[in-house]
Structure formats: structure tokens, C-alpha cells
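Survey of secondary and tertiary structure
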Amino acid sequence: MNELQNILEKSEYIYEIIEHDQPIRSREDGKKYFGIEVGQTAPTLILKTDKGFFAFIISGKRERFEFDAIAEIIGCTKVKLASPKEVQEITGFEVGSVRMVGLSLPCVLDKELFSYDFVYGGTGQPTFTLKIEPKALEELNQVIAIFS
């Protein structure tokens, strides 16, 4: 969490790290707990491709997405979700609490996130959530594409 805090403090963006008693495991949990729109929930998914691993920060507004569309924008042929073991090995975090900022992976952002003043996602710790301006995600990550 110290590394995340350092990255955020050096940025010019408005953010808040919110502690809660129980882990938030779904977009519905996040919507209910924070009193926000489901689209403001922003889980970080780890994708395994034929070109390596990628982070994909997606809006909870999406019911689903097409792996083929992701493959096209990142220029690879095979895309699937990384296994929980791979997520832990690659990021150091458990599935469900992968942080939104500061991963050393190329990143794809969901265009839907930019519809909101703030989005809510992982910090690396299951009982903490990061509330941040979506524009910060573009600057504080290695963004290679915006998914629309």
C-alpha cells in the first residue's frame, strides 16, 4: 500500500483510499456500499495473451466484453483471463483486489470510465478501495489503448 500511496501523492489528481470492514467482491457490492452507479466500479482484470500479460480496467457497467475485440486493439491473437494463480504471481495481489494504479503491465482502459467524475477500484488490499478521477488512470498506468 505504501508504493500506491507514494504514486498517488506525487500525482495532481484527487483521490481517496477508503477502508471498509468487508472485501467488496462484486460491482453490485460496490454500488450498494458506496452509493454509486455500477459503471463507476472499475475492477482491474489481468489478461493473458500470446504477447504476455495486460491489465484491463473495465467499467462495471459492461455486462461482458469480447476477447476478440481486446485482441484486435492490443495486436495479438489469443486473449483470456489469467488464472488466480497467474494474477497472484504477476501482480502480487489476489483476484478481486488488484490495484488500479502502478502495475508494471501494459494497460487497456475502458472508455466508459471517463463518463464519471470518480471511479472506484482495487488498492491491492481487499478491505481498501481507491476512489480516483479516471483521467489519473491514463497518466499513472502504462496505457496502450482505450477500449470502446
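Structure's up top.
Fair warning: this is a prediction, and the values are worked out from it, not measured in the lab. (Residues numbered from 1 in each chain as written. Predicted model: local features only at pLDDT ≥ 70, side-chain atom pairs only at ≥ 80, totals over all residues. Heavy atoms only, no water.)

What follows deals with the packing of aromatic side chains. Aromatic ring pairs are reported here in terms of the distance separating the ring centres and the angle at which the planes meet. Enumeration according to the criterion identifies five aromatic pairs in this entry. Measuring from centroid to centroid gives 5.1 Å for Phe56 and Phe65, while their planes differ by 80°, and the two rings are edge-to-face. Residue Phe56 shares its accessibility class with Phe65, and that shared class is buried. Taking the centre distance of 5.5 Å and the plane angle of 80° together, the rings of Phe56 and Phe147 count as edge-to-face. (Phe/Tyr/Trp six-rings, centres within 6.5 Å; stacked < 30°, edge-to-face > 60°. Buried < 20%, exposed > 50% of the residue type's maximum accessible area, 1.4 Å probe, protein only.)

A few words now on helix 3 (residues 67-74). Of the positions making up helix 3, those classed as buried are Ile70, Ala71 and Ile74. Seen end-on, helix 3 carries its buried residues on one side only, within an arc spanning 100°. Exposed positions of helix 3 whose direction lies more than 90 degrees from the buried face are Asp68 and Glu72. If you follow the buried residues of helix 3, they end up packed against strand 2 (44-49), strand 3 (52-57), strand 4 (79-81), strand 5 (106-110) and strand 8 (142-147). Backbone geometry just downstream of helix 3 places Gly75 in the positive-phi region, at approximately 75°. (Helix = DSSP H or I, 4+ residues; strand = E, 2+ residues; numbered from the N terminus. Arc of directions from axis to C-beta. Contact = heavy atoms within 4.5 Å.)

Further remarks concern the sheet that holds strand 6 (residues 119-122). On the basis of which strands lie adjacent, the open sheet formed by three strands has the order 1-7-6 and antiparallel pairing. A single partner strand is all that each edge strand has here, and the edge strands are strand 1 (15-19) and strand 6. The average undirected angle you get between the axes of adjacent strands in this sheet is 30°. Of the strands in this sheet, strand 1 and strand 7 (128-132) touch helix 1 (residues 2-10), which is tilted by about 150° from strand 1. (Pairing = 2+ DSSP bridges. Axes fitted to C-alpha atoms, helices over the stretch in contact; angles between N-to-C directions.)

A sheet is described by the order of its strands in space; here five strands give the open sequence 4-2-3-5-8, paired in mixed fashion. A strand with exactly one partner marks an edge of an open sheet, and here the two such strands are strand 4 and strand 8. Going from strand to strand, the sheet's axes swing by 35° on average, the running direction of each strand aside. In this sheet, strand 4 lies alongside strand 2 in antiparallel orientation, the contact comprising three bridges. Looking at the pairing, Thr49 lines up with Val79 of strand 4.

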